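# Remarks on the overall topology
Residues per chain are reported as follows:
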Amino acid sequence: KILVVNFGGQYAHLIARRVRDAGVYAEITTPENAVEKAREGEVKAVILSGGPSSVYESPSPDVPTEIFELGKPVLGICYGHQLIAKKMGGRVARGKGEYGRTLVKVVARDPLLEGWGDEEVVWMSHGDYVEEPPPGFEILAVSENGYIAAMRKGHIYGVQFHPEVNHTAKGALLLENFARRIAGVKESWRPEDHITRIVEEIRERVREGQVIVAVSGGVDSTVTAVLVHKAVGSRAKAVFVDHGLFREGEPEKAVALLRSIGIDVIYVDAKGRFLEKLEGVADCEEKRRIVGETFAQIFTEVVSGIRDARYLAQGTLYPDVVESGAVKGADKIKSHHNVAGLPPWFKLELVEPLRDFYKDEVRKIAKALGLPDEVVYRQPFPGPGLAVRVVGPFTREKLAIVRKATKIVEEELARAGVLRKVWQAFAVVGDDKWVGVKGDRRAEGYVVTVRIVESEDAMTADWSRVPYEVLEKISSRITSEIPEVTMVTYAITSKPPSTIEPC
Ligand code: XMP
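Residues numbered from 1 in each chain as written. Predicted model: local features only at pLDDT ≥ 70, side-chain atom pairs only at ≥ 80, totals over all residues.

### A short note on the UniProt feature "active site" (unreviewed entry) in the chain
The feature "active site" (unreviewed entry), as annotated in UniProt, sits at Cys-78, His-162 and Glu-164 in this numbering. For the annotated residues, spread through 87 residues, the largest C-alpha to C-alpha distance comes to 11.0 Å, consistent with a single compact locus. As for its placement among the helices and strands, His-162 is situated in the loop between strand 9 (156–159) and helix 4 (171–182). Those residues within four positions of His-162 in sequence are excluded, and the remaining contacts are Gly-50, Ile-77, Cys-78, Trp-123, Ser-125, Thr-168 and Gly-171. Secondary-structure assignment places Glu-164 in the loop between strand 9 and helix 4. With 27 C-beta atoms packed within 10 Å, Glu-164 lands in the buried category. Not counting residues within four places of it along the chain, the set of residues in contact with Glu-164 comprises Tyr-11, Leu-14, Ile-15, Arg-18, Gly-171 and Leu-175. (UniProt positions renumbered as here; feature names shortened; annotations may be inferred. Helix = DSSP H or I, 4+ residues; strand = E, 2+ residues; numbered from the N terminus. Contact = placed C-beta atoms within 7 Å. Buried ≥ 20, exposed ≤ 12 C-beta atoms within 10 Å, placed from the backbone.)

In structure tokens:
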């Protein structure tokens, strides 16, 4: 496997995902643990990630020089590249920097750049730069602004640009070259090949008692439930708490699917309890708090009634495990997770079968498990559901509008064949009104905002350039099928500065 040393930010995750896309397993570690980890036999090479720091700051993240002396290939990216320069006797200076798409010229042929043309477009994002390479380093590529873009000495490489970013046209190829040609990794790693091992591990761990899985219809919790069920059969109990904030038909479909696989599902209709508490609440965080708290209460009540409930299985993913450079304790539940806020006396041991995987890998596992495409490619959906898409005081009327409008948005995108290409697509309603003409009468109605975004990891997102005809169809269907709506707008702000959800 390849070890990725995390110098902060989201870079390390992108790098690990790209390496895994090339079929090579990658794991993230902290600078403090880097050398110890790098010594492990399975680690074939090390990547030093980019990060927001400057090697001039003090303290700035660092790794012991030993990392270069293990005889394993090292690739420094951006900050990692500058750190190599500084530690090995080169000079790093502060310059004008380069940001965005930049042209680089390859000046020396190397296995790292196999498949690259003489000139390639890369993604740069740096202020500091390597002014003078350390002794013995050969320059492999130079940017259009004259900066060192890639360098090498023996098994140590540095690149100033970001090969992990999609805008670097041949970046994925560079990472694959590093893993395959330079580190010599032969075996291919595919997430779906690990199903048997995961199931075995759950079976080993959970020798007696019931395993509770909180399911929501999402790909993570559905896959978790299926894996647990494969491991312990009828000792797996899925609990579906219906908070009344799901999209149309969602609870019914989710429950039916799990039951068709033979999983025991306890369906809890708690719609009334949630909606009553939410009625009239305008503040966004308050809505989230109410949903989280009510969920925890109900979930506790239900699980308390299950005899011999011992374990709680949840679909925690790798990015939740590795957070901001620190590997968190295995027993902590993420605060925005659905099952957060359980009372301390409520003692269940956590089972997290997906903690080594990224979302797109979970989708591959879902596919391999034979789950229907509807689940495999299901869009991310916030835990507090449609409550965060009703802006201003919460009312059942606005909830019904959002639900109907979202269905139309999804149907029209599916018809146009773009639903799977976008990250999320939904409708939002607030209290803005617009005068409309219904029949021959003027009538004031709601404004519905349609939000369709493209994204890779939800950290950044771009509004989707859907064809006008599709938007037109969405708009005319919403105003004709939902009489309370007189205007449809399209949200054309990316993230940042906006967020994906309205609240
Ligand atoms: P924002 O709106 O912050 O959303 O750009 C980023 C992604 O996270 C999802 N999201 C949530 N997911 N519980 C969740 O499980 C939440 O409270 C929550 N809020 C936002 C959102 O749908 C988007 O994909």
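### A look at helix 1 (residues 11–21)
With 10 of 11 residues buried, helix 1 lies mostly within the body of the structure. Of the residues making up helix 1, those classed as buried are Tyr-11, Ala-12, His-13, Leu-14, Ile-15, Ala-16, Arg-17, Arg-18, Val-19 and Arg-20. Here the buried face of helix 1 lies against strand 1 (2–5), strand 2 (26–29), strand 3 (45–48), strand 4 (74–77), helix 4 and helix 10 (318–321). Two residues or fewer after helix 1 comes Gly-23, characterised by a positive phi angle close to 85°.

### Comments concerning the sheet that holds strand 3
As summarised here, the arrangement of the 9 strands in space is 2-1-3-4-9-8-7-5-6, forming an open sheet in which the pairing is mixed. The open sheet has two edge strands, strand 2 and strand 6 (119–132), and neither has a second partner. Each neighbouring strand pair of the sheet contributes to a mean axis angle of 20°, computed without reference to strand direction. As paired strands, strand 5 (residues 91–106) and strand 6 are joined by 12 bridges and run antiparallel to one another. Counted as the bridge partner of Gly-100 is Met-124 from strand 6. (Pairing = 2+ DSSP bridges. Axes fitted to C-alpha atoms, helices over the stretch in contact; angles between N-to-C directions.)

### Topic: the confidence of the model for the chain
Low-confidence regions, as indicated by low pLDDT, have predicted coordinates that should not be scrutinised in detail. With 96% of its residues at a pLDDT of 70 or more, the chain has an overall mean of 93. Throughout residues 324–338 the model reports pLDDT below 50, and contacts reaching past four residues in sequence, or to other chains, amount to 21 contacts. The ipTM for the predicted assembly is 0.95, set against a pTM of 0.86. (pLDDT = per-residue confidence, 0-100.)

### Some thoughts on the packing of helix 1 against helix 4
One way to put it is that helix 1 packs onto helix 4 with a least axis distance of 9 Å and a crossing angle of 70°. Between helix 1 and helix 4, the crossing angle belongs to the class labelled roughly perpendicular. Counting all contacts with helix 1, which are made through Arg-18, Val-19 and Asp-21, the residues of helix 4 involved are Ala-172, Leu-175 and Ala-179. Residues of the contact of helix 1 with helix 4, tallied by class, amount to 4 nonpolar, no polar and 2 charged. (Parallel < 35°, antiparallel > 145°, perpendicular 65-115°, else oblique. Nonpolar A, V, L, I, M, F, W, Y, C, P; charged D, E, K, R; others polar.)

### Describing the environment of Gly-136
Along the chain, Gly-136 falls in the loop between strand 6 and strand 7 (138–143). Under the C-beta neighbour-count criterion, Gly-136 is labelled exposed, with 11 such atoms within 10 Å. Along the backbone, Gly-136 and Ala-179 are 43 residues apart, and their C-alpha atoms lie at a distance of 23 Å.

### Considerations on the sheet that holds strand 16 (residues 349–351)
Each strand in a sheet pairs with another by means of backbone hydrogen bonds, the pair being arranged parallel or else antiparallel. Taken in spatial order, the 5 strands make up an open sheet running 12-11-10-13-16, and their pairing is parallel. Of all strands in the sheet, those with a lone pairing partner are strand 12 (264–269) and strand 16, marking the two edges. Averaged over all pairs of adjacent strands, the angle between their axes in this sheet comes to 30°, without regard to strand direction. Set on the sheet, helix 6 (residues 219–232) makes contact with strand 10 (210–214), strand 11 (236–242), strand 13 (309–313) and strand 16; between it and strand 10 the angle comes to about 165°.

### Focus: the nonpolar core
The biggest cluster of nonpolar side chains holds 134 residues, and the ones touching the most others in it are Ile-2, Val-4, Val-211, Val-213, Val-228, Ala-238 and Val-448. Element by element, the count of residues in this core is highest for helix 6, at 8 residues. If sequence neighbours within four positions are ignored, Val-211 has contacts with Val-206, Val-228, Val-232, Arg-235, Ala-236, Lys-237, Tyr-311, Ala-313 and Val-351. (Core = buried A, V, L, I, M, F, W, Y, C linked by C-beta atoms within 7 Å.)

### Things to note about the pairing of strand 4
Here strand 4 shows a buried face lined by Val-74 and Gly-76 and a second buried face lined by Leu-75 and Ile-77. As judged from the 3 bridges shared by strand 3 and strand 4, these two strands associate in the parallel manner. Looking at strand 4, one finds that Leu-48 is bridged to Gly-76. Relative to strand 9, strand 4 runs parallel, the two being bridged by 4 bridges. Bridge pairing in strand 9 links Val-74 to Ile-156.

### Some details on the environment of Ser-475
Structurally, the position occupied by Ser-475 is in helix 14 (residues 468–481). Take Ser-475: there are 19 C-beta atoms within 10 Å of it, and that puts it in the partly exposed class. Sequence-wise, Ser-475 and Thr-449 are 26 residues apart; in three dimensions their C-alpha atoms are separated by 9.8 Å.

### Focus: the packing of helix 8 (residues 271–278) against helix 9 (residues 284–304)
Direction vectors running N to C along helix 8 and helix 9 enclose 150°, while the axes themselves pass 10 Å from each other. The angle between the axes of helix 8 and helix 9 places the two elements in the roughly antiparallel class. Read as a crossing pair, helix 8 and helix 9 show a hand that is right-handed. Side by side, helix 8 and helix 9 meet where Arg-273, Phe-274, Lys-277 and Leu-278 of the first sit next to Lys-287, Ile-290, Val-291, Thr-294 and Ile-298 of the second. In terms of residue class, the contact of helix 8 with helix 9 is built from 5 nonpolar, 1 polar and 3 charged. (Left-handed = near helix turned anticlockwise from the far one by under 90°.)

### With respect to the environment of Cys-284
Inspection of the secondary structure puts Cys-284 in helix 9. Here the alpha-carbon distance between Cys-284 and Val-388, two residues 104 residues apart in the chain, equals 6.8 Å. Once residues lying within four places of it in the same chain are set aside, the contact partners of Cys-284 are Val-388 and Cys-503.

### Topic: the pairing of strand 13
Two elements, strand 10 and strand 13, share 4 bridges in a ladder whose sense is parallel. The residue bridging Val-213 from the neighbouring strand is Ala-313, located in strand 13. Bridging between strand 13 and strand 16 involves 3 bridges; their strand directions are parallel. Bridged to Tyr-311 within strand 16 is Glu-349.

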